[in-house]
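Breakdown of the fold
Chain residues, written in single-letter form:
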Amino acid sequence: MPKSQKIAVAGGTGGVGNHIVEGLLELQSRSPTSITKVIVLSRSSTTKGSYIQSPSSPDLHAPIISVDYTSVSSISNVLSEHQIDTVISTLVGEPSQFIPAQETLLQAALSVPTVHRFAPSEFGSDSEQIESAPLYKMKLPILKSLREVKVRRSSSLLPFEFTKFVCGIFMNHLGFGNPKPNGSQALGHLRSFPYIVDISNGTADVPGDGNDKIWYTTAEDVGRFVAEATQLDEWPEESTMVGDVVTTNQVIEMVERISGELCIAVFRTHIPPFPPIFCAHIRVIDDVFLFIAFSGKKITPRYNTEAQLFARMDPNPTSWTGNHYLESFLSIVRGERVQKTSVLNELTSVKPMTVEDYLQKWWGKDD
Ligand SMILES: NC(=O)c1ccc[n+]([C@@H]2O[C@H](COP(=O)([O-])OP(=O)(O)OC[C@H]3O[C@@H](n4cnc5c(N)ncnc54)[C@H](OP(=O)(O)O)[C@@H]3O)[C@@H](O)[C@H]2O)c1
């Protein structure tokens with residue numbers, strides 16, 4: 001199967017999509033003959049003339065082109081005009097809009113003979129493994145369509161591949177509220193909120209007892225992995241990737257260790273008030289105290305059993321995201337987010353960031 005050269009990112013204006021566009025442009029700047037064109041599809045009609053610029057090579061950019069996700073021809077005209085061979089969806093939205101939007105995108109892609117690859121909007125844990133968080137089910141219809149198309153096209157002159165990009169949870173949310181001067185960059189293009197461990201607030205809302213493994217990748221690394229995946233000769237149906245696998249209790253231990261520093265002080269006669277979180281004093285002789293203190297972030301966890309998660313759920317949710325946050329926790333506790341492979345770690349040259357390195361970067365003491 002030919003590698004991808006001309007790539008359209010649907011929803012590339014959004015959080016994850018923007019990172020993928022940047023990853024593709026970064027690869028294009030390193031290897032201009034591999035990727036020759038990146039375009040962004042957007043619903044917005046005010047995007048004429050706007051583009052996403054490569055952070056590393058300002059002369060490289062991906063134009064943002066307006067499409068209508070209810071019209072096959074609106075999308076196919078754009079794909080055809082730019083001779084796109086690969087469509088990557090990073091769409092999101094209410095299921096009643098998201099499901100038909102992705103299906104229209106696929107139908108448009110199939111009507112353009114140059115398109116031979118399609119990636120649906122996954123970019124989380126594997127939607128096909130998750131039972132406890134019903135919102136993930138909106139990602140399933142497109143996978144069914146893609147499997148049918150792949151079989152149908154296998155014996156035709158227009159072969160077709162698809163892949164599920166599975167990356168676990170975005171590590172970036174651990175950077176929320178960090179005190180670094182450039183701290184807002186920790187979240188990348190993602191929406192800014194803490195997830196599970198809120199380091200700035202010193203709290204953690206923990207699924208289960210905190211010993212379940214969680215698969216983390218930074219959004220920047222997801223962009224790099226996806227970009228390199230476009231240069232694979234074959235697309236595996238599951239493109240799993242991971243930066244690190246750690247439990248919430250391990251994250252808490254790392255935060256407390258990394259954000260702190262050891263202080264040793266000697267006081268005579270009295271002990272002054274001392275704010276650090278872990279401290280011990282040893283009375284050496286009569287009026288001399290040796291003080292050993294570790295000043296770091298203290299995280300107070302709130303552990304949640306399944307029963308406690310159910311008790312917190314809103315019986316009449318008013319938004320389409322419903323109880324998704326708590327249901328996602330349930331899926332962690334029930335082991336539905338276990339990622340058994342890391343295919344792109346093996347097939348690409350990306351060296352992803354670990355949780356320890358990420359925490360060190362955004363919460364570590366400066367040298
Ligand atoms: N692993 C994780 O921790 C994690 C976290 C967040 C998201 N995700 C996943 O990553 C993917 C992208 O999420 P995101 O947070 O990056 O999304 P987002 O920024 O909220 O939206 C992505 C883009 O989708 C388009 N869009 C929004 N509503 C739409 C609709 N009703 N119909 C068509 N297009 C619509 C918008 O582009 P235009 O306005 O330009 O059309 C938007 O910029 C999703 O599959 C999501 O589940 C994973």
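As annotated in an unreviewed UniProt entry, the protein carries the name NAD(P)-binding protein and is attributed to Dendrothele bispora. Under the heading Sequence similarities (unreviewed entry), UniProt records this for the protein: "Belongs to the NmrA-type oxidoreductase family. Isoflavone reductase subfamily."

**Section: the site of the ligand**
Not every one of the 24 residues close to the ligand is listed here, only the nearest: Gly11, Gly14, Gly15, Ser42 and Gly93. Elements represented by at least two residues in the shell around the ligand include exactly α1 (15–30), α3 (95–110) and β9 (169–170). Taken together, the residues that form the shell around the ligand break down as 10 nonpolar, 12 polar and two charged.

**What about helix α2 (residues 72–81)?**
In an α-helix there are 3.6 residues to a turn, and that puts residues three or four apart on one side. When α2 is considered as a whole, its buried residues turn out to be Ile75, Ser76 and Leu79. Buried residues of α2, viewed axially, fall in a sector of 95 degrees; they line one side. Exposed and facing more than 90 degrees away from the buried side of α2 are Ser73 and Glu81. Where α2 is buried, its residues touch β1 (6–10), β2 (37–42) and α3. Positive backbone phi, at 50 degrees, marks glutamine 83, one or two positions downstream of α2.

**Points about the sheet that holds β9**
Read from one edge to the other, the open sheet built from three strands follows the order β9-β12-β14, with strand pairing classed as mixed. Unpaired on one side and paired on the other, β9 and β14 (244–247) mark the two borders of the sheet. Judged from the four bridges that link them, strand β12 (residues 213–217) and β14 form a sheet pairing that is antiparallel. Each bridged residue has a counterpart across the sheet, and for lysine 213 the counterpart in β14 is threonine 247. Packed onto the sheet, helix α6 (residues 248–258) meets β12 and β14 and runs at close to 90 degrees relative to β14.

**A word on the packing of α3 against helix α4 (residues 140–154)**
It is the contact of α3 with α4, at a shortest axis distance of 9 Å, that shows an interaxial angle of 20 degrees. Comparing the axis directions of α3 and α4 gives the class roughly parallel. For the pair α3 and α4, the crossing hand works out as right-handed. For the pair formed by α3 and α4, the contact residues are Ile99, Gln102, Glu103, Leu106 and Leu110 on the first element and Pro141, Ile142, Ser145 and Val149 on the second. Its residues assigned to classes, the contact of α3 with α4 shows six nonpolar, two polar and one charged.

**Examining unusual backbone geometry**
Across residues other than glycine, the phi torsion is negative in most instances, and most of the peptide bonds are trans. The backbone of glutamine 83 shows a phi angle near 50 degrees, a positive value even though the residue is not glycine. Structurally, glutamine 83 can be placed in the loop between α2 and β5 (86–89). Using a count of 14 C-beta atoms within 10 Å as the deciding quantity, one classes glutamine 83 as partly exposed. Within the chain, phenylalanine 123 stands out as a residue other than glycine whose phi angle is a positive 55 degrees. Within the element layout of this structure, phenylalanine 123 appears in the loop between β6 (117–119) and α4. The exposure class assigned to phenylalanine 123 is buried, which follows from the 27 C-beta atoms found within 10 Å.

Cut-off values and rules
- Residues numbered from 1 in each chain as written.
- Predicted model: local features only at pLDDT ≥ 70, side-chain atom pairs only at ≥ 80, totals over all residues.
- UniProt positions renumbered as here; feature names shortened; annotations may be inferred.
- Near = placed C-beta within 6 Å.
- Helix = DSSP H or I, 4+ residues; strand = E, 2+ residues; numbered from the N terminus.
- Nonpolar A, V, L, I, M, F, W, Y, C, P; charged D, E, K, R; others polar.
- Buried ≥ 20, exposed ≤ 12 C-beta atoms within 10 Å, placed from the backbone.
- Arc of directions from axis to C-beta.
- Contact = placed C-beta atoms within 7 Å.
- Pairing = 2+ DSSP bridges.
- Axes fitted to C-alpha atoms, helices over the stretch in contact; angles between N-to-C directions.
- Parallel < 35°, antiparallel > 145°, perpendicular 65-115°, else oblique.
- Left-handed = near helix turned anticlockwise from the far one by under 90°.

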